[in-house]
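Inside the fold
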There are 2 protein chains.
Amino acid sequence: MDFSQDLMRGTVVPMVLALLSERAMYGYEIVKVVNARTQGRLEWKEGTLYPALHRLEAQGYLRARWSKAAGGNATSPGETSGAGVSASGGEGGKDRKYYAITRKGKAELARRAEEWRQFSGAVDAVLMGV
Amino acid sequence: MDFSQDLMRGTVVPMVLALLSERAMYGYEIVKVVNARTQGRLEWKEGTLYPALHRLEAQGYLRARWSKAAGGNATSPGETSGAGVSASGGEGGKDRKYYAITRKGKAELARRAEEWRQFSGAVDAVLMGV
DNA sequence: CATTATACCTTGACTGCCTAGGTATGCAAG
DNA sequence: CTTGCATACCTAGGCAGTCAAGGTATAATG
């Protein structure tokens, strides 16, 4: 389903914060995870995510750390299945920028998640019965 | 709660269509009904609604009809105070512009409501557990 | 060696919502 | 009667997040 892009507004931030509260991830990975987790209902573009990531970092909600991709590819984008962690020690890898949520970011997440719940509940209340 | 206004994007149209599928209403009334129905969680401004109404009419989703406010005021929006319903039979009233949903508008409503369900479900899937 | 997937980034345009204003009528209080 | 408030309509200008489209570079694949 092709969503009116307008709906995206304001939801990217809480979603990013929520994902990073589970574990640190890099941008490209976040896009894949969102697309997988929503079963393709959402299709994030990099042009949407990266500016948001930088904004959140500037606001102190995230902290970034460059890191080489370790031997066992942690990505496994398709790889819904087990993802056998090959412990091969190859140190060569592409540069990845891992983002981790800060304490401040967690507080923001709580605020934004609650905001979303209130908001979507309000919309549902009006749409109810349709 | 003061929402990030960004969330509003894309939700005004389905909400308006949903309300008008129940009964014809005029703009000012819609604002009041939304604010009441969401218990103040949403606070629509006229500057938000009127342009949307005009857009929807231009697209053929709504049809407008001017009408004087009949004696018995159908509004009773706030009604917070007693506000004795003066049953004065004056037929003179303020001009109101009643909007009714068209067949085309109903189809659009179905599409948009489903879109909202899919979308909010996807967001919830990511926010789940927060 | 060429192609694809990964992984990062930025610029410019778009568009819908908000702010802040404007007009006019009806009604209640002073 | 006059003042004020709620009703009821409208618009112009600005803002800000998303998208489309482009760019760079490395690793894996055929």
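What counts, and where the lines are drawn
Residues numbered from 1 in each chain as written. Chains lettered and ligands numbered in written order. Predicted model: local features only at pLDDT ≥ 70, side-chain atom pairs only at ≥ 80, totals over all residues. Heavy atoms only, no water. Helix = DSSP H or I, 4+ residues; strand = E, 2+ residues; numbered from the N terminus. Buried < 20%, exposed > 50% of the residue type's maximum accessible area, 1.4 Å probe, protein only. Contact = heavy atoms within 4.5 Å. Areas by Shrake-Rupley, 256 points an atom, 1.4 Å probe, with all protein chains shown as cover. Buried area = accessible area lost by both parts, 1.4 Å probe. Salt bridge = Lys/Arg side-chain N within 4 Å of Asp/Glu carboxyl O. Core = buried A, V, L, I, M, F, W, Y, C linked by side-chain atoms within 4.5 Å. Least-squares fit on C-alpha atoms with pLDDT ≥ 70 in both. Near = heavy atom within 4 Å. Polar contact = N/O pair within 3.5 Å; in protein donor to acceptor, adjacent residues only side chain to side chain. Axes fitted to C-alpha atoms, helices over the stretch in contact; angles between N-to-C directions. Parallel < 35°, antiparallel > 145°, perpendicular 65-115°, else oblique. Left-handed = near helix turned anticlockwise from the far one by under 90°. Nonpolar A, V, L, I, M, F, W, Y, C, P; charged D, E, K, R; others polar. Pairing = 2+ DSSP bridges.

**What to know about the overall build of chain A**
When helices and strands are tallied, chain A shows four helices and three strands. Secondary structure elements in chain A, listed N-terminal to C-terminal, are α-β-α-α-β-β-α. Here chain A holds 130 residues, and the buried ones make up 42% of them. Residue pairs at least 24 apart in sequence account for 69% of intrachain contacts in chain A once pairs closer than 6 positions are excluded. When the accessible surface of chain A is summed, it comes to about 7,100 Å², and 50% of that surface belongs to carbon and sulfur atoms.

**Thoughts on the interface of chain B and chain A**
At the junction of the two partners, chain B supplies 35 residues and chain A supplies 35 residues. Of the roughly 3,600 Å² buried between chain B and chain A, counting both surfaces, carbon and sulfur atoms make up 72%. Ranking the residues of chain B by area buried against chain A places W116(B), F119(B) and V126(B) at the top, with a combined share of 20%. Where chain B touches chain A, the interface holds two salt bridges.

**Some words on the nonpolar core**
Counting 68 residues, the largest nonpolar core has W44(A) and W44(B) as the members making the most contacts within it. Once you skip the residues sitting within four places of it in the chain, W44(A) turns out to touch M8(A), V12(A), M15(A), V16(A), I30(A), V31(A), V34(A), N35(A) and L49(A).

**Description of the relation of the copies chain B and chain A**
Least-squares fitting of chain B to chain A yields an RMSD of 0.0 Å, with the superposition described by an axial translation of 0.0 Å and a rotation of 180°. Taken together, these values place the two copies in the relation of a two-fold axis. Taking C-alpha positions as the reference, the residue of chain B nearest the rotation axis is R9(B), at 3.1 Å.

**Examining the protein's contact with DNA strand D**
Not every one of the 27 residues close to DNA strand D is listed here, only the nearest: R9(A), T48(A), Y26(B), Y28(B) and R96(B). Within the contact set of DNA strand D, a phosphate oxygen lies 3.4 Å away from a backbone nitrogen or oxygen of G10(A). In the model, a phosphate oxygen of DNA strand D is placed 2.9 Å from a nitrogen or oxygen of the Y50(B) side chain. Those elements that provide at least two residues to the surface near DNA strand D are α3 (46–58) of chain A together with α2 (27–37), α3 (46–58) and β3 (95–101) of chain B.

**Examining unusual backbone geometry**
Backbone geometry at Q39(A) places phi at a positive 50°, although glycine is not the residue there. Relative to the helices and strands, Q39(A) is located in the loop between α2 (27–37) and α3.

**Looking at the packing of helix α4 (residues 103–127) of chain A against helix α4 (residues 103–127) of chain B**
Where α4(A) contacts α4(B), the two axes come as close as 12 Å, and the packing angle between them is 155°. As the angle between them shows, α4(A) and α4(B) are arranged roughly antiparallel. By crossing handedness, the relation of α4(A) to α4(B) is classed as left-handed. Of the residues in α4(B), those in contact with A113(A), W116(A), F119(A), S120(A), V123(A), D124(A) and L127(A) of α4(A) are A113(B), W116(B), F119(B), S120(B), V123(B), D124(B) and L127(B). When the residues that make up the contact of α4(A) with α4(B) are grouped by side-chain class, the tally is ten nonpolar, two polar and two charged.

**Topic: the pairing of β3(B)**
All names here are of chain B. Judged from the two bridges that link them, strand β1 (residues 25–26) and β3 form a sheet pairing that is antiparallel. Its bridge partner being in β3, Y26 is matched across the sheet by Y98. Sheet topology note: the strand β2 (residues 62–68)/β3 ladder contains seven bridges and is antiparallel. By the bridge assignment for β3, K68 is matched with D95.

**Thoughts on the protein's contact with DNA strand C**
Taken together, 26 residues form the shell around DNA strand C, and within it Y26(A), Y28(A), R96(A), R9(B) and T48(B) come nearest. A share of 71% of the atoms of DNA strand C within 4 Å of the protein falls on sugar and phosphate groups. The contact in question runs from a phosphate oxygen of DNA strand C to an N or O atom on the side chain of R96(A), over 2.3 Å. Between DNA strand C and R9(B), the relevant distance is 2.7 Å, taken from a base nitrogen to a side-chain nitrogen or oxygen of the residue. Sorting the residues of the surface near DNA strand C by element identifies α2, α3 and β3 (95–101) of chain A together with α3 of chain B as the ones contributing at least two each. Among the elements that line the surface near DNA strand C, the one with the most residues is α3(A), at four residues.

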